[in-house]
Every structure is written in structure tokens, then in C-alpha cells.
Amino acid sequence: MLLKMVLKAIGRQRRKHYLIALTVGLGVSLATAMLGVMFDVGDKVNQELKSYGANLNIVPKGASMLGELYQTEDTAAEAENVNQENFIPEKELYKIKMIFWAYNIVDFAPYLSVPVEINGQKIILTGTWFNRHLKLPTGDEVDTGMTALKSWWKITGSPGDDGDTSGLLVGRDAAGRLGLKPGDSFSAKAKGKAVDLKVRGVFDSGGPDDGLIFAPLSLAQELSGQAGLVERVEVSALTTPENELARRAAANPGSLSRMEWDTWYCTAYISSIAYQLEEILPGARVKAIRQVAESEGAILTKIQLMMILLTVLTLLCSALAISNLVSAGIMERSVEIGLLKALGASDLSIMFLVLLELFLVALIGGVIGYLIGLGLAQLIGLTVFGASVPVKAAVIPLTCLMVLAVTTVGSLPALRSLLKLEATEVLHGR
Amino acid sequence: MSAILEIQNVSKIYGGVKALQNIQLLVPQGQWLAVMGPSGSGKTTLMNIIGCLDTPTSGRVIMDGLDLGSLSHSGLTAIRRESIGLIFQEFHLISYLTALENVMVAQYYHSLVDENEALEALAGVGLKERAKHLPRQLSGGEQQRVCIARALINHPKVILADEPTGNLDETNERLVMFILHRLHKQGSTIIMVTHAPDVAAHAERIIVLEHGRLASDRENNPVVSQPSEQKSADSRAEELNQNQKSEESFLAGTMAAV
């Protein structure tokens, strides 16, 4: 009987219920889209920011930190003074992809600098992996290297190739200074050895790298006499925005309690990833490039805050609209409600009847809104980030909660007036 | 005969208006009482208080030995549900439910829904054939009879009828009064508010309210049908109970009988 009453009541006030379903649907669709994007925005923004370079720098323990911290260019004299303690073995670099947060390591590239003389001018030649295919002991295979790490570089000519041991990528400024262009061949000297090289491409990084020359790592190792060694590694990792815990841990991991330490270690903070890299590469120090990490954190926090605010505002607007619609519905049905009271229906049972009716309508609106919201999220993902937004299971219970909350909050004023409604007033017009 | 209702010194004041003043009334079980009086005399206020839809400002109302003043809001709701059947001048049927469902609503809030019992109640007022009709598809008289069936479905101790014929034409008025007569004969206690003397004439006791006071209280010799009419009415009642006659013939027959 209850269901019959509810369904018939819904059918009778069809227009009002359409509007309620529409209001809930609109609110839920926007909120679902916002939540969907919000859950995914961390990864999306991280990936966007990853295209602007590495956020971790691995250097040997013995190397001077000063140059790394302030990103100064090594001079040729400094490069000549390096010794064996200041290098990381190339064969250990695969371990970078074997830490707890291995899947968050997007790319990494090792570097080894060697001063060379080209056309009578001294310049730094940096050996690197352009695009190295690695087979890990776990069975996984990964491709990594500078090409992906510096994806924003504009290259004229051909990109770097690890197999072409005499092919160079020359920075725009260096090419201008040395009078080189793609396809040029020339002779260079390093540590008294002469070597024939050619320019595969000229790159424009828009930064200080334009003054450098990049070559396959094996060439730099051969010229410098540091076979199987690298002097630093740049790592690009997807990270979680820093918070108080991460900052404390970065300053001193020993200051954390056991539980805090576990939380920190198992969260992809840049400091915990750096810590894990140091664990796996004992001879290295890992420095977070704070500026990048903090920018990521700040951007993410702001975007997420904005989305939460938009979600809350959207739901509040829906609740207000529902409140008006339900109140109007109660007013319209005051005689019916008065009659039910006169027949002996308790306030609770009448409230249940009204809420059941409302929740059924809201549920329909919520389901439609959820589906539209998923579509909206995809639209936002594709338009803003150029990638789809995966459906997160957590959004479903959150959507249910939103429908429940919006409907309940929206119906509160109407329920209050329902409780106050006197049967005598509506039945006898007193 | 024991009293089903006892009203002791009941007054009701709305703001500064004294709607009822020191009303004393004893209603024996099975009595048909008519409450008369001009507009604003307090008839409906008295009905609301008896029907547990309102509470007196002072005084006591005792129904079937239970002091209504001692009951909470939910206690009064329970009395409305269990002991009182309400018949309204405006019928107050739920517009989107059929006649049958309107009767079943009262069942739902009372105990269990029984469609057959609800159909029987409709048959009792000659509307079995109209059970699936919506209120807008029924005439005023038919709507009032659905309202009566709804009031009776839970076997109330007291039937409160507020101007039950106020919105009906003469034919339907006679029909409704016929049904009330039958209920009275079956032992129901009926308290009926009316401003129409010919309607009140059917009751066995008539009280008159004026300015919230009990102006008169007298026994009445109810309108008695002629033997031939009585026979005819009885045979109509039997027909109703057996659900054999169509609504049209029921109406036509009753009209002829009255």
C-alpha cells in the first residue's frame, strides 16, 4: 500500500518530481564530475608537470652538493678534477625502478660530463641515455631516458640515439657558437684523444641546457675514461603534495613516530621517494628539486580546494532548490497530509512517506546525474588534460551520500512545516 | 447504557475568542447525537476536540473510560486511529487513489491492509462496482459514501460526521442518511454536526450550541419511515450487503423508497 501511495503520488505531482529529479541530477552530475576530476587531477597535473622536467636529482655522496643545489654549470676544470668516488655505477641505475614507489618513477636519465674542444673552443659534452630499454630483474621492461624527460625540447634534425655513438644533440646556443647545424661532421678532442662526431640534431630547450652538447653515455664514458660510471641522475616522479608530515620527515626522518614513519614511507611524498632511492643506492644522495615539488603541491592543493568548493556550492544550490520544491509540494498536499493525520497516521509515518517519495525521485535523478557526471568528467579530462578520467569506485558511495545529504537537507524545512501542520486547520480551513 | 463519551466542563479559547464554554455532555454508547447551531457556535471545535484533532483549553474529555487530557500527541493519534471514524463535509478523498485505495489507506495506518474487507466496506455503501474509480470519476454522493466506508473500515467506537450532507443534493443526502440510519441500527455511536434541522431530525438526541455554550439538549423522536418505506429501505440494505445491485438501481431504488 505504501509503495502504491508513493508511486501514485509521484505520478500525480509529475512536474514537481521531474524538477526535483532534474535538480538532484544537475547537482549530482556537476559534483560527480568535480569529484571524478578531483580524484584524478593529482595524477593528471603531476603528469603535466612532469613534462617540465625532473623533480629529483641523484648525485654521488662524495660530489659537491653546491653545484646541484644552485644548478650552476660545472666548469671544464671542475669536470677534470672528479675522481672515482664521485660517480654512481651505471649498472645500478635499474634499481631506481625497483623501489616501493617504482610505478611513480616516470622517467630518469643519467649524465656524465666531459670537457671537449671543438673548433678550438672548450665546451662540456654530456653523455646520457636518450631512450634506453631496460629489463628489470622483476621481469618488467621499461624505456627511459632524456628524450622523455625533456619532452618539451624542440629538436631540429634527428633526436638523440643511444646506438649512434658519434651522434650528438647540440643546444641552440652551443650550435650558434660553434657554427654547427644538423648533419655536420667535425672532429673533437678530449683528454688528448681525437674523435670524429656528427650533429644529429639541434635542440631548443628554452633554458641553460641550450649551451650544452648531449651525446650517448658510452661516448662520454669513453672520452672521460669513466667506463660504466655516471655523475648524476635526474628522476621525474609522480608525487603526493607535501604536507606537514612530509616536511618534518624531509628535515629528519628520525623525528617521526613509528606510525607516522609508516604513513610517510607508504605515501608518495617526494621526500619518501628520495629516501627510498637513497636506500637502494647506498653510495648516492638524492635531492628533491624543491621548487618543482612545492609548485606541484601548491597547484594541486589549490585545484582540489577549488573543486571541493564548487562541489559544495553546487550541492547547496541543489538543496535550496529542492527545499523550495518540496515545501511547495507539501503546501499543495496539506489537505492530504492533514487527512492522514486525522486518520491516525503518526508524524513519523507521514514523514517516512514523504521522504520515501522524495528519495525515490532523487535516486532516479542521482543515477542520471551520476552518468552525466561521468561524461562531464571525461569531457573535462579530454579538454583540459587531453586524457580520459578513469571511473573511481569511491565516487559511487560519495554520490549516494550526496544524494542523501542534498535530499535530506533540502527537505528539512518542508518536514518541519509538515510536523507543524494541524489537521484541523487544513481540513476545516481554520 | 454506559457512556462512550463524557465531556466535563470543556472550554476552548482561540486567542481571545471563546469557541466553547463549559460544555457538559454525556453520550451513551449507540446514541445518534446531532450537534446543531449557527456558524461560529463552536460545533466544529467540539467535533475536533471529540475527534482528538484538538485539545480543550480546560475541562476533561473521557472516551470509553480514557481521559484524553492524559494522552500525549502520539496517544491522541492512536485514539484517532483506533476509536474514531471521521466523515467530512468535503469528503477529503486522496485524489490520486481509487475509491478502494482510499478505504485501504485507513486500514494501512490502522493495522493490515485487506483488500477484500475494503471491498466489502464499499459494497456496504453500494460502491463495489465503483471501487476502481478515482474520486474525480465519482459524484459528490459517491465520494461521501467512500468517505463513510473509509470511516467505518476500522470499526470505530464513535463515528464523527461533520456536516455529512452539507455538500450533497437532496437525493444523495437521503442516501447518506439511509446509510447512517443503518449504522445506527447496527449499534454505532454517531455524533453528527449539522445546521440543517431536517438532517438533525434523524438523530435521537439533538443539542444546540450558541456562542460556544450548550443552549439546548433534548431527546428527539427520530424520523421514522413508513412501514412500506422501511421495508423498502431494509430490502435495499440487504441488496447492498449482498452486492447484487448495480449502483444505478441502488440509487434509483433508494430514491423511490425515501
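Residues numbered from 1 in each chain as written. Chains lettered and ligands numbered in written order. Predicted model: local features only at pLDDT ≥ 70, side-chain atom pairs only at ≥ 80, totals over all residues.

**Notes on the overall build of chain B**
No. 1: A count of helices and strands for chain B gives 9 helices and 10 strands.
No. 2: Across the 258 residues in chain B, those meeting the buried criterion constitute 48%. (Helix = DSSP H or I, 4+ residues; strand = E, 2+ residues; numbered from the N terminus. Buried ≥ 20, exposed ≤ 12 C-beta atoms within 10 Å, placed from the backbone.)

**So, the sheet that holds strand β6 (residues 84–87) of chain B**
All names here are of chain B.
No. 1: Here 6 strands make up an open sheet; going across it, the order is β6-β7-β8-β3-β9-β10 and the pairing mixed. Where the open sheet ends on each side, the last strands, each with one partner, are β6 and β10 (213–219). On average, each strand axis in the sheet is inclined to that of its neighbour by 15°, with strand direction left out of account.
No. 2: For strand β9 (residues 205–210) and β10, the ladder comprises 6 bridges, and the chain directions are antiparallel. Directly across from Glu210, in β10, lies its bridge partner Arg213. (Pairing = 2+ DSSP bridges. Axes fitted to C-alpha atoms, helices over the stretch in contact; angles between N-to-C directions.)

**Quick word on the confidence of the model for chain A**
All names here are of chain A.
No. 1: Mean pLDDT over chain A: 83, with 90% of residues reaching 70 or higher.
No. 2: By mean pLDDT, the top-scoring element of chain A is strand β11 (residues 213–216) (93), and the lowest-scoring one is helix α3 (residues 65–70) (46).
No. 3: The low-confidence segment residues 64–82 (pLDDT under 50) makes 18 contacts with residues lying over four places distant or belonging to another chain. (pLDDT = per-residue confidence, 0-100. Contact = placed C-beta atoms within 7 Å.)

**Here's the deal with the packing of helix α3 (residues 99–110) of chain B against helix α5 (residues 140–152) of chain B**
Residue and element names in this part refer to chain B.
No. 1: Interaxial distance between α3 and α5 falls to 8 Å at its minimum, and their mutual angle equals 30°. The orientation of α3 relative to α5 falls into the category roughly parallel. As α3 packs across α5, the resulting crossing turns out to be right-handed. Facing α3, whose interface residues are Ala99, Asn102, Val103 and Ala106, α5 presents Val146, Ala149 and Arg150.
No. 2: Residues that form the contact of α3 with α5 fall into these classes: 5 nonpolar, 1 polar and 1 charged. (Parallel < 35°, antiparallel > 145°, perpendicular 65-115°, else oblique. Left-handed = near helix turned anticlockwise from the far one by under 90°. Nonpolar A, V, L, I, M, F, W, Y, C, P; charged D, E, K, R; others polar.)

**A few points about the environment of B:His211**
Residues and elements named next belong to chain B.
No. 1: Structurally, the position occupied by His211 is in the loop between β9 and β10.
No. 2: His211 gets classed as partly exposed once you count the C-beta atoms within 10 Å, which come to 14.
No. 3: Separated by 168 residues in sequence, His211 and Lys43 place their C-alpha atoms 9.8 Å apart.

**Let's talk about the packing of helix α8 (residues 244–251) of chain A against helix α9 (residues 258–265) of chain A**
Residues and elements named next belong to chain A.
No. 1: The interhelical angle for the contact between α8 and α9, taken along N-to-C directions, is 100°, at an axis separation of 10 Å. Considering the angle they form, α8 stands roughly perpendicular to α9. Together, Leu245, Ala246 and Ala249 of α8 and Glu260, Thr263 and Trp264 of α9 make up the contact between the two elements.

**Details of the nonpolar core**
No. 1: Judged by nonpolar contacts, the single largest core of 119 residues is most densely connected at B:Val35, B:Ile87, B:Val103, B:Leu122, B:Ala149, B:Leu160 and B:Ile191.
No. 2: No other element matches helix α2 (residues 14–50) of chain A, which puts 12 residues into this core.
No. 3: Those residues in contact with B:Leu160 that lie beyond four places of it in its chain are B:Met47, B:Ile50, B:Gly51, B:Ile84, B:Leu86, B:Ile87 and B:Ile191.
No. 4: A:Ile118, A:Trp129, A:Met146 and A:Val199 belong to the second largest nonpolar core, which has 63 residues in total. (Core = buried A, V, L, I, M, F, W, Y, C linked by C-beta atoms within 7 Å.)

**Some remarks on the environment of A:Ile124**
All names here are of chain A.
No. 1: Take Ile124: it is sitting in strand β4 (residues 121–128).
No. 2: Assessed through the 20 C-beta atoms surrounding it within 10 Å, Ile124 is described here as buried.
No. 3: In this structure, the C-alpha to C-alpha distance between Ile124 and Leu212, residues 88 residues apart in sequence, is 6.2 Å.

**A look at the pairing of strand β3 (residues 32–36) of chain B**
Residues and elements named next belong to chain B.
No. 1: Most of β3 sits inside the fold, with 5 of its 5 residues counted as buried.
No. 2: Neither face of β3 is left uncovered, since the one carrying Trp32, Ala34 and Met36 and the one carrying Leu33 and Val35 both have all their residues buried.
No. 3: As defined by bridge partners, β3 adjoins strand β8 (residues 189–193) across 4 bridges and the pair is classed as parallel. Looking across to β8, one finds that Leu33 is bridged to Ile191.
No. 4: The sheet contact formed by β3 and β9 spans 4 bridges and is parallel. Paired with Met36 across the two strands is Val208, which belongs to β9.

**Topic: the pairing of strand β5 (residues 132–135) of chain A**
No. 1: Where β5(A) lies against strand β6 (residues 141–144) of chain A, 4 bridges are found, and the strand directions are antiparallel. The partner of A:Leu134 across the bridge, within β6(A), is A:Val142.

**Observations concerning helix α12 (residues 334–342) of chain A**
Residue and element names in this part refer to chain A.
No. 1: Burial within α12 is extensive, with 7 of its 9 residues counted as buried.
No. 2: Taken as a whole, α12 has its buried residues at Glu336, Ile337, Gly338, Leu339, Leu340, Lys341 and Ala342.
No. 3: Directly after α12, the chain includes Gly344, whose backbone phi takes a positive value near 105°.

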